[in-house]
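# Analysis of the macromolecular model
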Amino acid sequence: MTNEFQKAGGFSAIAMAACYLIGFAMFIFVLDSSSYSGPSGSVAFAADHAFQLFLTMLVIYVLASLFLIVLLLALNDRLKAYAPVVMQTATAVGIIWAAIVLVSGMLSILGADSVTRLAETDPERAATVWLAVGIVQNVLGGGTEFVGGVWITLVSLTGLRHRGLPRALNLFGLVIGLAGIVTIYPDFEPLNAVFGLSQIVWFLGVGVVMLSRKSRELMPSAA
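First, a word on what this report is: a plain description of the structure on this page.

Reading the values: the criteria
Residues numbered from 1 in each chain as written. Predicted model: local features only at pLDDT ≥ 70, side-chain atom pairs only at ≥ 80, totals over all residues. Heavy atoms only, no water. Axes fitted to C-alpha atoms, helices over the stretch in contact; angles between N-to-C directions. Helix = DSSP H or I, 4+ residues; strand = E, 2+ residues; numbered from the N terminus. Parallel < 35°, antiparallel > 145°, perpendicular 65-115°, else oblique. Left-handed = near helix turned anticlockwise from the far one by under 90°. Contact = heavy atoms within 4.5 Å. Nonpolar A, V, L, I, M, F, W, Y, C, P; charged D, E, K, R; others polar. Expected span 1.5 Å × (residues − 1). Buried < 20%, exposed > 50% of the residue type's maximum accessible area, 1.4 Å probe, protein only. Core = buried A, V, L, I, M, F, W, Y, C linked by side-chain atoms within 4.5 Å. Phe/Tyr/Trp six-rings, centres within 6.5 Å; stacked < 30°, edge-to-face > 60°. Patch = residues over 30% accessible without salt bridge, like charges linked within 9 Å, V, L, I, M, F, W, Y side chains within 5 Å. Areas by Shrake-Rupley, 256 points an atom, 1.4 Å probe, with all protein chains shown as cover. Salt bridge = Lys/Arg side-chain N within 4 Å of Asp/Glu carboxyl O.

## Re the packing of helix H6 (residues 146-162) against helix H7 (residues 167-182)
Relative to each other, H6 and H7 sit at 155°, their axes nearing to 7 Å. Relative to H7, the element H6 lies roughly antiparallel. Here H6 runs over H7; the crossing is left-handed. Along the contact surface, H6 presents Phe146, Gly149, Val150, Ile152, Thr153, Val155, Ser156, Leu157, Gly159 and Leu160, while H7 presents Arg167, Asn170, Leu171, Gly173, Leu174, Ile176, Gly177, Leu178, Gly180 and Ile181. A breakdown of the residues in the contact of H6 with H7 according to their chemical character gives 11 nonpolar, 8 polar and 1 charged.

And the structure:
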């Protein structure tokens, strides 16, 4: 395990927390769609806030997915000596999650652009296409946090059992990981917001630990 790799993972974890914070702030203070109703209203909202939507999707999906890749590889490097099979599985799941996040973001960005252009000539068709884009995006990542929940759960279980991360952080990771897993059932979809907000704290905690010199005590060589 290299210190530089752990530092990169720590910075990436904090960057992911920042991406989430930016996303929540944008949707609360800037991207207010309450005055738009129906499919046509959604298209109008996308057209009226095209640049803001582009920046938001770029940050919370595209950039976040790249930071996530660095983080999950750094965590794998940190914990693989304790439980190689579990961490190989966790890393594979994490890569799938990063790919889902990236594809979901690209779909949102390109879909919004295509729909706003189409709306200039065929508003009704644009509304139908935007609805389809929303359904696909929701299936990929917006409607469930199952894959992300599995990854955090596996990482937290390894860290908890083998002291690869602080105990409190691992317990918290288990709670939010299970919360993400149960969102696969539609009735638990409101937990998506809980999962997202809790991840901010978890990412910050992981980032601080990985950047701290004292975290060397948690490395395999010190176990």
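Once you've had a look at it, read on.
## Some thoughts on H7
Taking 1.5 Å of rise per residue, 16 residues should cover 22 Å, and H7 covers 23 Å from first to last C-alpha, within 8% of that figure. Within H7, burial applies to Leu169, Asn170, Gly173, Leu174, Ile176, Gly177, Ala179 and Gly180. Contacts from the buried residues of H7 go to H6 and helix H8 (191-211).

## Examining the nonpolar core
Of all hydrophobic cores here, the largest spans 40 residues; its most connected members are Leu71, Leu75, Trp151, Val155, Trp202, Phe203 and Val206. Those elements giving two or more residues to this core turn out to be helix H1 (3-29), helix H3 (50-79), helix H4 (84-119), H6, H7 and H8. Setting aside residues no more than four positions away along its own chain, Leu71 makes contact with Gly9, Ser12, Ala13, Met16, Trp151, Phe203, Val206 and Met210. By size, the runner-up hydrophobic cluster in this structure holds 13 residues, among which are Val43, Ala46, Leu118 and Val133.

## Describing the packing of aromatic side chains
Any pair of aromatic rings gets described here by the distance separating the centres and the angle formed by the planes. On inspection of all chains with the given rule, the structure shows 6 aromatic pairs. Measuring from centroid to centroid gives 5.7 Å for Tyr20 and Phe203, while their planes differ by 65°, and the two rings are edge-to-face. With Tyr20 in helix H1 and Phe203 in helix H8, the pair connects residues that are 183 residues apart, well separated along the chain. When its relative accessible area of 16% is taken as the criterion, Tyr20 is described as buried. Taking the relative accessible area as the measure of exposure, Phe203 reaches 0% and is therefore buried. Each ring, one from Trp202 and one from Phe203, has its centre 5.5 Å from the other, and the planes form 65°; the classification is edge-to-face.

## A closer look at a nonpolar patch on the surface
On the surface, Phe11, Ile14, Leu204, Val208 and Leu211 cluster together into a nonpolar patch covering about 420 Å² of accessible area. Taken together, the elements giving at least two residues each to the nonpolar patch come down to H1 and H8. Counting residues per element, the nonpolar patch draws most heavily on H8, which supplies 3 residues. Among the structural elements, Leu211 can be located in helix H8.

## Examining the packing of H7 against H8
One way to put it is that H7 packs onto H8 with a least axis distance of 9 Å and a crossing angle of 150°. In this view, H7 runs roughly antiparallel relative to H8, as classed from their interaxial angle. H7 and H8 meet at a crossing whose hand is left-handed. Between H7, through Leu169, Phe172, Gly173, Ile176, Gly177, Ala179, Gly180 and Val182, and H8, the contact on the second element is made entirely by Leu191, Phe195, Ser198, Gln199, Val201, Trp202, Gly205, Val206 and Val209. Class assignment of the residues belonging to the contact of H7 with H8 gives a composition of 11 nonpolar, 6 polar and no charged.

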